[in-house]
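One letter stands for each residue in the lines below.
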Amino acid sequence: MRLICINCPKGCELDVTVTEDRVTVAGQGCPRGEAYGVAEATNPVRMVTGLVKVAGSRRPLPVKTRRAIPKGRIAEITNLLANTTVIPPKRIGDVIIPDVCGTGVDVVATADF
Ligand code: SF4
């Protein structure tokens with residue numbers, strides 16, 4: 001598979017080959033590209049950002065996962081965010097959903113409300 005490394009602005013084009021027992025990466029300009037290619041081929045992760053409802057307000061609260069979560073869990077988490085309502089006040093960094101969907105990662109507020 002071909003990937004663009006997103007770890008720095010250089011954007012190296014990676015050629016990732018997956019076989020039964022190993023993953024090889026070519027085209028990287030530094031070791032971070034190899035690690036990125038292996039991770040994308042074996043356990044791709046992403047940060048999730050979104051909005052949750054705030055009780056008594058029409059304005060939502062922006063939130064994000066504190067760390068990247070497995071890519072396959074994104075839909076489950078965004079569905080949960082869409083059905084979550086919080087009670088103000090909230091501060092940046094407050095935990096809104098602990099251990100979201102059993103990932104071990106918290107969803108936190110990214111703004112004061
Ligand atoms: S492989 Fe290294 S140099 Fe290339 S885009 Fe990724 S981080 Fe940047």
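Below is a summary of the structure that appears in this document. (Residues numbered from 1 in each chain as written. Predicted model: local features only at pLDDT ≥ 70, side-chain atom pairs only at ≥ 80, totals over all residues. Heavy atoms only, no water.)

Describing the site of the ligand
Defined as follows: Throughout, the term near means that a residue has one or more heavy atoms lying within 4 Å of the molecule or strand in question. In this count, Pro and Cys sit with the nonpolar residues alongside Ala, Val, Leu, Ile, Met, Phe, Trp and Tyr, while Asp, Glu, Lys and Arg are called charged and the others, Gly among them, polar.
Around the ligand sit Cys5, Asn7, Cys8, Lys10, Gly11, Cys12, Gln28, Gly29, Cys30 and Gly33, and that is every residue in its neighbourhood. The residue makeup of the shell around the ligand, split by class, is 4 nonpolar, 5 polar and 1 charged.

Details of the pairing of strand S5 (residues 49–54)
Rules: Strand pairing is assigned whenever DSSP identifies at least 2 bridges connecting the two strands. Helix and strand definitions follow DSSP, with helices as H or I runs of at least four residues and strands as E runs of at least two, each counted in order from the N terminus.
Of the strand pairs in this sheet, S5 and strand S6 (residues 61–65) are connected by 4 bridges, and their pairing is antiparallel. Bridging across to S6, Thr49 finds its partner in Lys64. Hairpin connection of S5 to S6: 6 residues between the antiparallel strands, including Gly56 at a positive phi of 80°. Examined bridge by bridge, S5 and strand S8 (residues 85–86) share 2 bridges and lie parallel to one another. Opposite Val54, over in S8, you have Val86 as the bridge partner.

No statement about biological role is implied by the geometric values presented.
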